[in-house]
Each structure stands twice: as structure tokens, then as C-alpha cells.
Amino acid sequence: MNIRTETVGDRAYTENITVEGLSFESSSLSLKSETTLSLLFISDKPVNFECETNTVETEQNGSYWVARIRNIPSGKAQEDYTVTIKIDDQNAGTVTYNPMRYCYNVLNGGTNDQNLINVVRAFYLYTQAAKDYFKA
């Protein structure tokens, strides 16, 4: 099966940021021993992140603030994850992101790295099979 952008679909990505000096910059997906979705933000103030469905690690990496959702189960890797951003314990907005959005972006010309393209294609097939299996 040839996995293309149409197969993966243009998955969720919405942002509702309500504070000046805070912006969503990019995402990454780590597929090592566990699936980890990382969302990168720039903020002129320290931030914290929350997610109703998962634990989120907050880390500052250079000029970026990173929200990491680790250990996403294979059967749930096609679901949306909403991260609430907090500055001084006040809600500064939300970003909803689907790991398949990262795959879509790669397949939609986000890279020329054929190895990465093959990995996201295989990841899509793996998560679809897991989703189907756990639904049964």
C-alpha cells in the first residue's frame, strides 16, 4: 500500500493562544522505544503545560519551551491531544495536535529525507493496525 497525504489525511491542528509573546512554533515525533509527541513554543515568560488525557513534561530547551507527551499507545496515536498552556498559573491558550499531522506534514513535502518518509508511512500502517486491533 502506498501511503500518501490523502491516506493519512490532514489531521487536527488548532491553536487558540490568548497571550502576547507566546507562539506555537513546531512539532516533532519520536518513535524510539516509545511514541513521544513534542510541541515547541516560544514564550517570553516561563510556561507549564497540561493535558487532560496524558501527563505532559515541560522543558526549556534554548529559546523553546517544549511540551512532551510520552508513551502514546499505538492504538491511540491517531487521536487528537490538547495541551493547555499556563503562564503564572493562568490559562494562556491551547493547542490541539494529532501525531498524524506530523506524518501528513512529512508526506506533504516537509522533507526530502526518504528514510523519514518511509518511517512515517510505516508508522501510519502500524497505528492503523493497532487501532483496528484494539477496537475489535
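Residues numbered from 1 in each chain as written. Predicted model: local features only at pLDDT ≥ 70, side-chain atom pairs only at ≥ 80, totals over all residues. Heavy atoms only, no water.

Asker: Mind showing me how you'd approach the sheet that holds strand β8 (residues 90-97) here?
Answerer: Backbone-to-backbone hydrogen bonds pair the strands of a sheet. The strands run either parallel or antiparallel. Judged by pairing direction, the sheet is antiparallel, and its four strands sit side by side in the order β1-β8-β7-β4 without closing on themselves. Looking at strand neighbours, the two that pair on one side only are β1 (13-17) and β4 (48-50), the edges of this open sheet. For this sheet, the mean angle separating the axes of adjacent strands, direction not counted, is 20 degrees. Of the strand pairs in this sheet, strand β7 (residues 81-87) and β8 are connected by seven bridges, and their pairing is antiparallel. Across the sheet, the residue bridging to I85 is G93, located in β8. Sheet strands in contact with helix α2 (residues 99-110) are β1, β7 and β8, and its direction is about 55 degrees off that of β8. (Pairing = 2+ DSSP bridges. Helix = DSSP H or I, 4+ residues; strand = E, 2+ residues; numbered from the N terminus. Axes fitted to C-alpha atoms, helices over the stretch in contact; angles between N-to-C directions. Contact = heavy atoms within 4.5 Å.)

Asker: Honestly, the pattern of salt bridges in this entry has me stumped. Any pointers?
Answerer: Opposite charge on two side chains permits them to pair, given that their charged atoms come into close proximity. By the definition in use, this model includes three salt bridges. Between R70 and E34 there is a salt bridge whose closest N-O contact spans 3.6 Å. Pair noted here: R70 is in the loop between β6 (64-69) and β7 and E34 is in the loop between β2 (22-31) and β3 (35-43), with a separation of 36 residues, a long-range link. By relative accessible area, which is 33% here, R70 ends up partly exposed. The class for E34 is partly exposed, based on a relative accessible area of 27%. Across the salt bridge formed by R70 and E57, the nearest N and O atoms sit 2.9 Å from each other. A residue pair is termed long-range when its members are at least 10 positions apart, and R70 in the loop between β6 and β7 and E57 in strand β5 (residues 56-61) qualify at 13 residues. (Salt bridge = Lys/Arg side-chain N within 4 Å of Asp/Glu carboxyl O. Buried < 20%, exposed > 50% of the residue type's maximum accessible area, 1.4 Å probe, protein only.)

Asker: Help me out: how do you make sense of the pairing of β8 in this one?
Answerer: Sheet faces and side chains relate simply in a regular strand, where the side chains alternate between the two faces. Inspection of the sheet shows β1 paired to β8 by five bridges, in the antiparallel sense. Across the sheet, residue N16 finds its bridge partner in β8, namely T94. Linkage of β7 to β8, two consecutive antiparallel strands, is achieved through a turn of two residues, within which D88 is found at a positive phi near 55 degrees.

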